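# Coordinate analysis (summary)
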Amino acid sequence: MTAAGQELHFADAGEAADLAAFLARLIHYDRAAAVRLQAGGGVLAVFGRPPSFEVLAIRTARLEAIIGTDATPAGAAGAASGPGTLDTTVSAGELEDALVTARAGRTADGPEVPDRGLVVTVPQAVTGPPWAGVLPPRGGWRRVSGLPGVDEVRGAVAAAVAEFRARDAALPEERRTRAERDRIGHEIWSRTLGDTGLPLRAVHAAQSLGFLRPVRTAAPAASAPGAGAGAGGGVATAVPGPTAEPLALLAAGGWLRLRTPYGSIAVRTSGLSGLSVTPA
């Protein structure tokens, strides 16, 4: 049994468009990218792992319903736990195509109203990559102090990118190899942001995935499943409101999570594998 044929009824087409943009950024880094989908409590959380950063990226969107092939709320294959829930892994490209196709079809029906919902069919499930089975915890998150403001965070990323490019340009021709560039990247992006313990690669990922862009004015939105308690399955508001908190750093178990109004970046603080990181 798979989730294919189920329909996601998004509460807002603009949120669906933002999700499609997030998927496009993931595909930029990995054309064969897969994403894990978890939904419950009226919110969809999409987990992805851009390989250049060795982090988990999470984007959420509000749902009105999850409808099965028999037109009744249904759970997905595997870990679904009740009516109106979903837990499956799909191709990021196929999900993006489904979002784009649904939006194009609705536009063809007449003038698009931004706050109208959108219906998208869930693609066929795929075999999940190893990371999809190791998600951040769903609870127990605590706030970590010392996180700089958003302008300082952007500045730290810009300075690190500039340093990488300068050091790369200064390499003699015989040392300008992938291994040497990876060594420089590992050194730079493994540094932490101030005293927070958050690797710079996490904030670089947030910048590259569009999570650090200015907050647009919007009506307050529902939070992701358990977001008030810091759930791993949904770790940002679906649509930032005018009073949305710019940035927050949270910790639970062996994880750190940078929460932004547009999504979250989660990184393991123990058991990290080797990195191969170059600027976008």
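Residues numbered from 1 in each chain as written. Predicted model: local features only at pLDDT ≥ 70, side-chain atom pairs only at ≥ 80, totals over all residues. Heavy atoms only, no water.

The next thing to look at is helix α5 (residues 200-208). Extensive coverage of α5 is indicated by the burial of seven of its nine residues. Where α5 is concerned, the buried positions are Leu200, Arg201, Ala202, Val203, His204, Ala205 and Ala206. In this structure, the buried side of α5 is in contact with α3 (150-170), α4 (178-189), β9 (255-260) and β10 (263-268). Immediately downstream of α5, the backbone of Gly210 shows phi near 85 degrees, a positive value. (Buried < 20%, exposed > 50% of the residue type's maximum accessible area, 1.4 Å probe, protein only. Helix = DSSP H or I, 4+ residues; strand = E, 2+ residues; numbered from the N terminus. Contact = heavy atoms within 4.5 Å.)

Turning our attention to the packing of α3 against α5. Direction vectors running N to C along α3 and α5 enclose 105 degrees, while the axes themselves pass 9 Å from each other. Classified by the angle between their axes, α3 and α5 sit roughly perpendicular to one another. Residues Val153, Arg154, Ala156, Val157, Ala160 and Val161 of α3 touch α5, and the partners they reach there are Leu200, Val203, His204 and Gln207. In terms of residue class, the contact of α3 with α5 is built from seven nonpolar, two polar and one charged. (Axes fitted to C-alpha atoms, helices over the stretch in contact; angles between N-to-C directions. Parallel < 35°, antiparallel > 145°, perpendicular 65-115°, else oblique. Nonpolar A, V, L, I, M, F, W, Y, C, P; charged D, E, K, R; others polar.)

As a further point, take α3. Because the α-helix completes a turn every 3.6 residues, residues three or four places apart line up on one side. For α3, spanning 21 residues, the distance from its first C-alpha to its last is 30 Å, which sits close to the expected 30 Å at 1.5 Å a residue. Of the residues making up α3, those classed as buried are Val153, Val157, Ala160, Val161, Phe164 and Asp168. Summarising the axial view, the buried residues of α3 lie within an arc of 95 degrees, below the 170-degree limit, and thus occupy one face. Those residues of α3 that are exposed and angled more than 90 degrees off the buried face are Asp151, Glu152, Ala169 and Ala170. Buried positions along α3 lie against α4 and α5. (Expected span 1.5 Å × (residues − 1). Arc of directions from axis to C-beta.)

Under the counting rule described, the total for this entry stands at 16 salt bridges. Between Arg59 and Asp18 there is a salt bridge, and its shortest N-O distance comes to 3.3 Å. Here Arg59 is found in strand β4 (residues 56-67), whereas its partner Asp18 is found in helix α1 (residues 13-29), with 41 residues between them in sequence. Residue class for Arg59 comes out buried when judged on its relative accessible area of 2%. Classification of Asp18 by relative accessible area gives buried; the value is 17%. The partner of Asp182 in a salt bridge is Arg178, and the shortest N-O contact between them spans 3.0 Å. (Salt bridge = Lys/Arg side-chain N within 4 Å of Asp/Glu carboxyl O.)

Another point: the nonpolar core. Ranked by size, the top nonpolar core spans 61 residues in total, and within it Phe10, Leu23, Val35, Leu44, Leu99, Leu198 and Ile265 carry the most contacts. Beyond its immediate chain neighbours, meaning those up to four positions away, Val35 contacts Leu23, Leu26, Val46, Phe47, Gly48, Thr88, Thr89, Val90, Ala92, Leu95 and Trp131. In terms of nonpolar packing, the next biggest core, distinct from the first, is built from 12 residues, Ile58, Trp131, Trp141 and Leu250 among them. (Core = buried A, V, L, I, M, F, W, Y, C linked by side-chain atoms within 4.5 Å.)

What follows covers the packing of aromatic side chains. According to the stated counting rule, one finds two aromatic pairs in the structure shown. Ring centres of Tyr29 and Phe53 lie 5.2 Å apart, and the angle between their planes is 80 degrees; this geometry places the pair in the edge-to-face category. A residue pair is termed long-range when its members are at least 10 positions apart, and Tyr29 in helix α1 and Phe53 in the loop between β3 (43-48) and β4 qualify at 24 residues. Grouping residues by exposure puts Tyr29 and Phe53 together as buried. Here the guanidinium or amino end of Arg213 rests over the ring plane of Tyr262, the centre of that ring lying 3.6 Å away. (Phe/Tyr/Trp six-rings, centres within 6.5 Å; stacked < 30°, edge-to-face > 60°. Lys NZ or Arg CZ within 6 Å of the ring centre and 35° of its normal.)

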